[in-house]
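Take a look at the letters that make up each chain.
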Amino acid sequence: MLTSAGEVGVRASTGRPAPRASPRGKVLTRPNLPSARQHRHRRFGAFVPRGSTPRVEEWTVEDSASLYSLDAWGAPYFAADAETGRVVVRPLGDDADALGGPPPEIDLFALASDARARLASDGPLVVRFPDIACREAARLHAIFDEAATTWNYGAGSLRSVERGTDADASSADASADGSGPKPAYQGVFPVKCCHDVELLRALVSSGAPRAFGLEAGSKAELLLAVAVMRSCCFEQTKKDVQTPYAPLLVCNGYKDASYVRVAFEAAAAGTRVALVVEKLSELEPILERLRETRRTNLNTKTKPRSRPLLGVRVRLGTTHDGQWGATSGDDAKFGLGARETLFLLETLRDAGFLAELRLLHFHVGSQVSDIATIKEAMRESSQMYAELVRLGAPMGLIDVGGGLGVDYDGSRGWGGRASRNYDEKNYANDVVAALADACARAGIEPPTIVSESGRAIVSASAALVFQIVSTDPRGARGSREGNEGTRGAETVREPFATDGRNPFTEKEDEKTETPTLEALRSMPPSRFLLHNFREVARNLETAETANVQEAINDATQFRQEADRLFKLGIMGLEERAEAEELFCLTRARVFHIARERRLKKSTSKYFLPVDVQTEARRPAVWYHANMSVFRSLPDIWAIQQLFPVAPLHRLRERPNAAGAVADLTCDSDGRVDAFVGAAAKGVEDVFSDAERGAPSPFLTLHAPREGEPYLMAAFLVGAYQESMGSAGHNLFGSPATANVFLETERRKKDLQKTKPANSSARVSFSFRLDSVRGGDSDVVVSLRAGDTNADALRGAGVDTESIVAWVRGGGGDTSLDEANDAALLAAVDDVLRESTYLESRDERRAR
């Protein structure tokens with residue numbers, strides 16, 4: 001540090017006395033310390049100080065499963081295979097007794113590698129398992145049936161009502177499925193959760209015996225839902241599948257005359273439609289259609305045209321503290337208040353259409369983490385239902401909306417908004433019990449319960465697979481030798497030795513020299529700071545006597561002072577580089593010593609110093625992923641959603657790097673740096689039991705190997721991520737998708753055995769995956785390539801033909817020559833047909 005006279009002070013920046021001079025004029029230091037590189041321990045990826053014995057531990061697949069909390073959030077669909085050290089998927093669950101044998105298992109790494117090879121692409125891949133979604137829908141139905149039995153809850157037939165002068169004596173509901181008893185529960189899937197047609201068809205087809213339906217929130221979704229339900233209805237008719245009642249198409253969202261028209265025509269064509277009034281402004285076009293249908297039925301001698309059931313969405317006063325709590329209660333975007341609901345009833349009564357009102361709808365919010373919110377909402381909505389019946393509406397259905405949460409981190413309620421403190425059985429019991437009590441008190445028939453639990457049904461059915469293309473130290477960087485042309489592996493050189501030598505600033509013959517007191521006095525400020533920084537690193541050589549708290553404090557201060565000296569022009573770039581190296585080295589040593597002490601003293605409740613814990617929570621390495629967070633994981637950016645993330649392979653190897661994931665976008669928010677809390681174990685065991693369920697800022701990962709793809713995946717991403725992804729950010733397009741089905745007769749007929757000639761085009765084809773263990777099923781994969789650069793540009797409203805024309809005509813008279821213009825045009829044409837994501841040279845040659 002500089003004195004007022006501009007001389008170098010003889011006290012270290014920490015305030016400690018400067019080293020004492022020896023009788024021979026030398027500074028008293030520990031001479032001839034061996035280079036720290038002699039003690040590098042590869043398993044920990046850090047330096048092992050003197051006196052510390054490396055812990056030799058066998059790493060197992062079970063350790064990896066615990067590290068990534070795979071059993072907590074993945075059961076019963078995802079597991080770690082002990083034989084291969086890879087993540088396997090069990091689309092039918094893991095109950096061997098219920099399945100009558102070993103469950104089918106799919107190697108996710110092998111599946112993703114096969115699909116990527118067929119597409120000749122290194123880009124991200126959404127792997128979807130519709131069988132999981134279908135199983136979750138069936139399981140939820142069974143749970144509600146069990147709850148109905150427990151609470152003696154039975155939805156009777158809908159009461160008959162007079163329709164005035166309407167010639168259609170039968171209700172729209174009865175015309176759809178007869179006048180027999182109604183089910184206690186009926187599920188519908190909100191199309192907004194996932195627009196994938198194959199998934200929607202699978203849900204409706206497999207749910208036909210349970211009359212599983214769909215919910216639409218826009219005109220485009222309504223068109224898709226009508227088409228899917230009609231096509232599946234035709235298939236079930238051909239198969240002679242008998243159902244006691246018809247699936248329901250719930251029509252939500254803002255509505256205009258066109259929306260209402262499609263809903264009425266779908267009902268007339270035989271689809272059981274519930275048209276929900278969300279705003280009073282929607283009432284007039286609905287009444288106009290009702291009057292037109294009544295006139296048509298009065299004047300025709302043919303079979304009367306069926307009409308949609310009418311529903312009303314009410315705005316509950318119940319609020320909650322979840323992610324969407326701010327829009328619950330009186331601040332809700334949709335729904336009618338008490339006065340508006342009364343106005344609706346009187347308007348329908350005056351128009352002679354009160355008998356059409358059959359459904360009460362509400363939505364308390366998505367991903368409700370506290371069961372108390374569900375209880376309160378059901379108490380209020382049950383009373384609202386009873387009041388509507390008292391006021392003369394026939395009713396018969398109550399749609400409890402969504403809200404059924406997903407335990408994303410597997411903490412069973414400890415994870416706050418990323419978790420839930422209840423399960424599906426608890427949820428169903430509370431819904432059924434509240435309605436049973438209200439109906440018993442009011443003396444009315446219990447309604448059929450409808451739920452829109454889209455997140456709970458499809459979250460587990462999809463995973464986003466992505467490749468790590470490079471790694472980079474996070475924060476202060478160490479010296480690196482880059483492997484040119486090789487993504488996915490980078491070699492980190494040994495940090496500067498603590499013997500005082502900086503290869504950038506000092507000569508080889510000076511490496512064993514120790515400065516005298518006179519030399520210290522005449523040292524430039526930057527060199528003096530680095531000398532003291534090396535002393536801090538030297539003091540960590542002996543683990544037993546090292547003061548980790550003091551070391552991390554000193555290192556932090558020296559790093560900050562080095563930055564200030566550089567800003568003032570007193571320190572050069574080479575010396576700043578050494579300061580960064582010493583900071584990295586000191587941190588690595590401190591973390592290792594602290595972790596060893598914690599492991600040795602675990603029985604005595606040893607607590608790490610607070611500054612050590614603070615530093616240890618910071619990721620050490622950026623893992624650069626070939627994907628876009630904004631396109632494929634938008635909830636991470638938008639609402640800080642926590643998704644489980646884990647490598648797909650190398651689970652028999654101990655990971656040794658505290659990493660965070662960075663995407664390809666030119667945006668600082670394009671990163672994943674919050675992970676399932678159990679991932680804190682492994683590199684630095686610094687998290688206390690009180691922090692159970694809290695996200696970890698890093699994920700313990702392996703060092704990528706040269707020539708070997710390192711594949712990771714974000715799991716439980718089946719809801720909303722594809723439909724809400726921002727296609728415009730950096731113009732990264734939709735990722736490739738692979739829909740994986742356990743083979744059925746229909747899939748066998750659809751199987752296409754020919755590969756596309758140009759896999760970069762947006763094409764679809766199917767292939768059979770034979771590497772499936774357990775069960776008697778093969779697997780059929782329906783594969784679709786991701787967006788090309790041309791697709792992304794067209795999606796942004798850019799005409800790609802114009803781009804080519806502009807490039808062709810842009811040279812003018814200033815163009816160097818025709819050869820250069822031709823080369824540019826060829827490059828533009830090739831890249832337009834390529835993926836928006838990074839591709840290796842081998843993949844480009846494959847095209």
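Nothing here was measured: the structure is a model prediction, and the numbers come from that model.

Before going further, it helps to examine the overall build of the chain. What the chain contains, in helices and strands, is 27 helices and 27 strands. Within the chain, the fraction of its 847 residues that count as buried is 55%. Considering only residue pairs separated by 6 or more positions, the chain has 76% of its internal contacts joining residues 24 or more positions apart. On the chain, roughly 36900 Å² of surface is accessible, and the fraction owed to carbon and sulfur atoms is 50%.

Turning our eyes to something else, we now look at the pairing of strand β4 (residues 86–89). In terms of strand pairing, strand β3 (residues 78–81) meets β4 through four bridges, oriented antiparallel. Bridging across to β4, Asp 81 finds its partner in Arg 86. Between the end of β3 and the start of β4, which pair antiparallel, lie four residues, with Gly 85 showing a positive phi angle near 70°. Where β4 lies against strand β5 (residues 105–107), two bridges are found, and the strand directions are antiparallel. Within β5, the position partnered with Val 88 by the bridge is Asp 107.

This next bit is on the environment of Cys 193. Relative to the helices and strands, Cys 193 is located in the loop between β7 (185–190) and α7 (197–206). Sequence separation of Cys 193 and Val 458 is 265 residues, and the distance between their C-alpha atoms is 8.0 Å. Beyond its immediate chain neighbours, meaning those up to four positions away, Cys 193 contacts Gly 454, Arg 455, Val 458, Gly 718, Ala 719, Tyr 720 and Ser 723.

Between two packed helices, both the angle of their axes relative to each other and the distance between the axes serve to describe the pair. Where helix α16 (residues 525–538) meets helix α17 (residues 548–567), the closest approach of the two axes is 10 Å, and the angle between their N-to-C directions is 160°. With respect to α17, the element α16 is oriented roughly antiparallel. The way α16 lies across α17 gives a crossing that is left-handed. For the pair α16 and α17, contact is made by Pro 525, Ser 526, Leu 529, Asn 532, Phe 533 and Val 536 and by Ala 551, Asp 554, Ala 555, Phe 558, Arg 559, Glu 561, Ala 562 and Leu 565, respectively.

Attention now goes to the pairing of strand β18 (residues 621–625). Within β18, four of the five residues are buried, which leaves it mostly tucked inside the rest of the structure. One ladder, built from five bridges, connects strand β15 (residues 462–473) with β18; its direction is antiparallel. Paired with Thr 471 across the strands is Tyr 623, a residue of β18. In this sheet, strand β20 (residues 657–662) lies alongside β18 in parallel orientation, the contact comprising four bridges. Looking at the pairing, His 624 lines up with Ala 662 of β20.

One finds Phe 189, Leu 214 and Ile 449 to be the most contacted residues of the largest nonpolar core, which totals 90 residues. Those residues in contact with Ile 449 that lie beyond four places of it in its chain are Phe 144, Tyr 153, Ala 184, Tyr 185, Gln 186, Ile 398, Val 400, Val 431, Val 432 and Leu 435. In terms of nonpolar packing, the next biggest core, distinct from the first, is built from 69 residues, Leu 67, Phe 129, Ala 646 and Val 740 among them.

Turning next to the sheet that holds β4. The strand order β3-β4-β5-β26 describes an open sheet built from four strands, whose pairing is antiparallel. Lying at the two open borders of the sheet, with one neighbouring strand each, are β3 and β26 (772–773). In this structure, β5 lies alongside β26, joined through two bridges in antiparallel fashion. Each bridged residue has a counterpart across the sheet, and for Ile 106 the counterpart in β26 is Val 772.

Applying the stated rule across the entire model yields 37 salt bridges. Ionic pairing is found between Asp 669 and Arg 671, a salt bridge with its closest N-O pair at 3.5 Å. For Asp 669, a relative accessible area of 37% puts it in the partly exposed group. Overall, Arg 671 belongs to the partly exposed group, its relative accessible area being 28%. A single network of salt bridges, built from pairs that share partners, joins Glu 136, Arg 139, Arg 420 and Glu 424.

On to the packing of aromatic side chains, then. Going through the model one piece at a time under the given rule, you end up with 12 aromatic pairs. On the basis of an interplanar angle of 50° and a centroid distance of 5.1 Å, the ring pair of Tyr 254 and Phe 334 is categorised as tilted. Within this pair, whereas Tyr 254 is found in the loop between β9 (248–251) and α9 (257–268), its partner Phe 334 is found in the loop between β11 (309–313) and α11 (338–351), the two being separated by 80 residues in sequence. Through a chain of ring-to-ring contacts, the aromatic side chains of Phe 144, Tyr 185, Tyr 422 and Tyr 427 assemble into a single cluster.

This part is about the confidence of the model for the chain. Taken residue by residue, the chain gives an average pLDDT of 79. The fraction at 70 or more is 73%. Low pLDDT (under 50) marks residues 750–761, which in the prediction has 25 contacts with non-local residues, meaning those over four places away or in another chain.

Attention shifts here to the sheet that holds β9. Pairing between the strands of a sheet is mediated by backbone hydrogen bonds and can be parallel or antiparallel. Overall, parallel pairing links the eight strands, which are arranged β7-β8-β9-β10-β11-β12-β13-β14 in a closed barrel. Direction aside, neighbouring strands of the sheet carry axes that sit 25° apart on average. Of the pairings in the sheet, the one linking β9 to strand β10 (residues 272–277) comprises four bridges and is parallel in character. Bridge pairing in β10 places Cys 251 opposite Leu 275.

Helix α10 (residues 283–298) packs onto α9 with a crossing angle of 40° between their chain directions and a minimal axis gap of 9 Å. Overall, the two elements α9 and α10 adopt an arrangement that is oblique. Crossing of α9 over α10 shows right-handed handedness. For the pair α9 and α10, contact is made by Ala 257, Val 260, Arg 261, Phe 264 and Glu 265 and by Pro 285, Ile 286, Arg 289, Leu 290 and Thr 293, respectively. Along the lines of polarity and charge, the residues of the contact of α9 with α10 split into six nonpolar, one polar and three charged.

Let's shift gears to unusual backbone geometry. Note that the residue after Ala 75, namely Pro 76, is joined by a cis bond; omega there is 0°. Position of Pro 76 relative to the elements: it lies in the loop between α2 (70–74) and β3. Although it is not a glycine, Met 395 adopts a positive phi angle of roughly 55°. Relative to the assigned elements, Met 395 resides in the loop between α12 (371–390) and β13 (397–399). According to the relative accessible area criterion, Met 395 is buried, its value standing at 0%. At Tyr 720, a position not held by glycine, the phi torsion is positive, near 75°. Considering the arrangement of structural elements, one finds Tyr 720 in the loop between β23 (710–715) and α22 (721–724). What makes Tyr 720 buried here is its relative accessible area of 14%.

A word on α7. With seven of 10 residues buried, α7 lies mostly within the body of the structure. For α7, the full list of buried residues reads Leu 199, Leu 200, Arg 201, Ala 202, Leu 203, Val 204 and Ser 205. Capping the start of α7 is the job of one residue whose side-chain oxygen sits 3.2 Å from the backbone nitrogen of Glu 198: Asp 196.

Relative to the helices and strands, Ser 382 is located in helix α12. By relative accessible area, Ser 382 is classed as buried at 3%. Within the structure, the side chain of Ser 382 is placed 2.6 Å from the backbone oxygen of Met 378, a separation counted as a polar contact. When residues no more than four places from it in sequence are discounted, the contact partners of Ser 382 are Ala 434, Leu 435 and Ala 438.

Taken as a whole and assessed by the stated rule, the structure comprises zero disulfides. Looking at Cys 193, it has no disulfide partner, and the nearest cysteine sulfur is the one in Cys 194, 8.2 Å off.

Another aspect to go through is the environment of Tyr 77. Looking at the secondary structure, you find Tyr 77 in the loop between α2 and β3. Along the primary structure Tyr 77 and Val 89 are separated by 12 residues, whereas in three dimensions their C-alpha atoms are 5.6 Å apart. With sequence-adjacent residues up to four places away left out, Tyr 77 is seen in contact with Val 88, Val 89, Arg 90, Pro 91, Gly 93, Ile 132, Arg 135, Glu 136 and Ala 460. Of note is the side chain of Tyr 77, whose polar atom sits 2.5 Å from the side chain of Glu 136.

How each quantity is defined
Residues numbered from 1 in each chain as written. Predicted model: local features only at pLDDT ≥ 70, side-chain atom pairs only at ≥ 80, totals over all residues. Heavy atoms only, no water. Helix = DSSP H or I, 4+ residues; strand = E, 2+ residues; numbered from the N terminus. Buried < 20%, exposed > 50% of the residue type's maximum accessible area, 1.4 Å probe, protein only. Contact = heavy atoms within 4.5 Å. Areas by Shrake-Rupley, 256 points an atom, 1.4 Å probe, with all protein chains shown as cover. Pairing = 2+ DSSP bridges. Axes fitted to C-alpha atoms, helices over the stretch in contact; angles between N-to-C directions. Parallel < 35°, antiparallel > 145°, perpendicular 65-115°, else oblique. Left-handed = near helix turned anticlockwise from the far one by under 90°. Core = buried A, V, L, I, M, F, W, Y, C linked by side-chain atoms within 4.5 Å. Salt bridge = Lys/Arg side-chain N within 4 Å of Asp/Glu carboxyl O. Phe/Tyr/Trp six-rings, centres within 6.5 Å; stacked < 30°, edge-to-face > 60°. pLDDT = per-residue confidence, 0-100. Nonpolar A, V, L, I, M, F, W, Y, C, P; charged D, E, K, R; others polar. Polar contact = N/O pair within 3.5 Å; in protein donor to acceptor, adjacent residues only side chain to side chain. Disulfide = S-S within 2.5 Å.

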